[in-house]
Amino acid sequence: MSASAGPSGGAGPSGGAGPSGGAGPSGVRARVLVRPKEGILDPQGQAVERALPALGFTGVSGVRVGRLIELEIADPAVLPEICERLLANPLIEDYEIEPANPVAPTQPA
Amino acid sequence: MRLGVVRFPGSCDDGDALRAAAIVGDAEVLWHGDRDLRGVDGVIVPGGFSYGDYLRVGAIARFAPIMGEVERFARDGGLVLGICNGFQVLCEAGLLPGALLPNEGLRFVCRQVELDVVETSTAFTCDCPAGERLSIPVKHTTGRYFAPEAQLDELEARGGVLLRYAPGHNPNGAARSIAGVCNEAGNVFGLMPHPEHAVDPLTGSTDGLCLFASMRKVAGAVLAA
């Protein structure tokens, strides 16, 4: 099945904009989103969805609970393989690699 | 016959697995960090929470040094039994089809369940009484067997489903009430219920014994040959 992969190796700053241009000495910072595959029952998501009306939040549906993995990596080209072999189980989970930002140089104190 | 029981950090049913194995033969511990199966005739990957179940159940354990040897042993036709967390590890390792997902009801379930033995001609069930149900406990949070529909069809067609929860006993929402599956070659078997907790009348049932006795029969026959 098609894992919605795709190492968007571009320089799309997501969230905090890292210094564009020269990559930091220790590679890039990346985020991997892992979520249950579509069609797979997600009882955690259901439990969250059922809890919301009790708090007065109505009109929320399709809640899915996954996980976020943050890492710094010297060679982002190997990220898809890392995802396939360890971070996600492609049989039950989709993963998405967020655009990588160069690791910011250590902030002076 | 000598059975080896793998011990990972976080294994907790290795003691009972050793005890069950010792009823049908000799038993010894296989340390997760070793790359040596010590010449055992069969391997048991026991229940527990290997490596804290971090990331995903079984995901880290499958890369333990001992697992390379277990995979080689399995590919050479050796008998490998995975119980609960061991089943999850074998699925992650690709030795068994499918995956285990969180229970439909999200709760940890710990209770005695009734199991139908679907196939009684395999290395793991040949000593089980045909047509009789087994009463064996389950205790898990992540035991809902899953595989894509086409794979489930294929699995059933080749007789890969060895155990099913009896009607009304599916504790986790497992697809097609599947409790235990074997690989295509029939030498690797994983199940969520705990046969090693059902080998002594003290704990209410000895129905789990027939699975270990089956392994002895088959491994013993290989040894005698």
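Residues numbered from 1 in each chain as written. Chains lettered and ligands numbered in written order. Predicted model: local features only at pLDDT ≥ 70, side-chain atom pairs only at ≥ 80, totals over all residues. Heavy atoms only, no water.

When helices and strands are counted, chain B shows 5 helices and 11 strands. For 225 residues, the compact-globule estimate of 2.2 N^0.38 gives 17 Å, and chain B sits close to it at 16 Å. Dimensions of chain B, computed from the C-alpha atoms along their principal axes, are close to 40 × 40 × 35 Å. Here chain B holds 225 residues, and 57% of them are scored as buried. The long-range fraction of contacts in chain B, counting pairs at least 24 apart against all pairs at least 6 apart in sequence, stands at 73%. Carbon and sulfur atoms make up 51% of the accessible area of chain B, which amounts to about 8,600 Å² in all. Computed over 19 positive and 27 negative side-chain charges, the separation of the two mean positions in chain B equals 3 Å. (Helix = DSSP H or I, 4+ residues; strand = E, 2+ residues; numbered from the N terminus. Rg over C-alpha atoms; globule rule 2.2 N^0.38 Å. Buried < 20%, exposed > 50% of the residue type's maximum accessible area, 1.4 Å probe, protein only. Contact = heavy atoms within 4.5 Å. Areas by Shrake-Rupley, 256 points an atom, 1.4 Å probe, with all protein chains shown as cover. Lys, Arg positive; Asp, Glu negative; His and termini not counted. Charge placed at Lys NZ, Arg CZ, Asp CG, Glu CD.)

Moving on, we come to the pattern of salt bridges. All names here are of chain A. As enumerated under the stated definition, the model contains 24 salt bridges over all chains in all. R31 serves as the salt-bridge partner of E70, at 3.2 Å between the closest nitrogen and oxygen. One end of the pair, E70, is in strand β2 (residues 67–73); the other, R31, is in strand β1 (residues 28–36), and 39 residues separate them in sequence. Judged by its relative accessible area of 54%, E70 is exposed. The class of R31 is partly exposed, set by a relative accessible area of 35%. (Salt bridge = Lys/Arg side-chain N within 4 Å of Asp/Glu carboxyl O.)

This part covers the side chain of T125 of chain B. Residue and element names in this part refer to chain B. If you trace the backbone, T125 turns up in the loop between β6 (109–117) and β7 (133–140). T125 gets classed as buried once you look at its relative accessible area, which sits at 0%. When residues no more than four places from it in sequence are discounted, the contact partners of T125 are V117, E119, T120, L162, L211 and S214.

All names here are of chain A. Residues of chain A with pLDDT of at least 70 account for 71%, and the chain-wide mean is 79. Within chain A, strand β3 (residues 93–97) carries the highest mean pLDDT (97), whereas strand β4 (residues 101–102) carries the lowest (74). Considering only residues more than four positions removed or in separate chains, one finds that residues 1–24, a stretch of pLDDT under 50, has 32 contacts. (pLDDT = per-residue confidence, 0-100.)

Residues and elements named next belong to chain B. Ordered by their spatial adjacency, 9 strands build an open sheet running β2-β1-β3-β4-β11-β10-β9-β6-β7, and the pairing between neighbours is mixed. In this open sheet, the two edge strands, each paired with only one partner strand, are β2 (26–31) and β7. With strand direction ignored, the average angle separating the axes of adjacent strands in the sheet is 25°. On the sheet, helix α4 (residues 149–157) packs against β9 (161–165) and β10 (178–182) and is oriented at approximately 70° with respect to β10. (Pairing = 2+ DSSP bridges. Axes fitted to C-alpha atoms, helices over the stretch in contact; angles between N-to-C directions.)

Turning our attention to the packing of aromatic side chains. Residue and element names in this part refer to chain B. Taken as a whole, this structure holds 3 aromatic pairs over all chains when the rule is applied. Summarising the aromatic geometry, the rings of F87 and Y145 are spaced 6.0 Å apart at their centres and angled 10° between planes, so their arrangement reads as stacked. Placement of the pair is F87 in helix α3 (residues 85–92) and Y145 in strand β8 (residues 144–146), with a sequence separation of 58 residues. We classify Y145 as buried; its relative accessible area is 1%. One residue, R62, lies across the ring of F63, its end atom 4.4 Å from the ring centre. (Phe/Tyr/Trp six-rings, centres within 6.5 Å; stacked < 30°, edge-to-face > 60°. Lys NZ or Arg CZ within 6 Å of the ring centre and 35° of its normal.)

Turning our eyes to something else, we now look at the interface of chain A and chain B. On the side of chain B, 17 residues touch chain A, which itself brings 15 residues to the contact. Taken together, both faces of the contact between chain A and chain B bury some 1,300 Å²; the carbon and sulfur share is 70%. The interface formed by chain A and chain B contains 1 salt bridge. When the shortest N-O distance is used, the salt bridge between R56 of chain B and E93 of chain A registers 3.7 Å. At the boundary of chain A and chain B, one finds 4 residue pairs in polar contact (both at pLDDT 80 or more). (Buried area = accessible area lost by both parts, 1.4 Å probe. Polar contact = N/O pair within 3.5 Å; in protein donor to acceptor, adjacent residues only side chain to side chain.)

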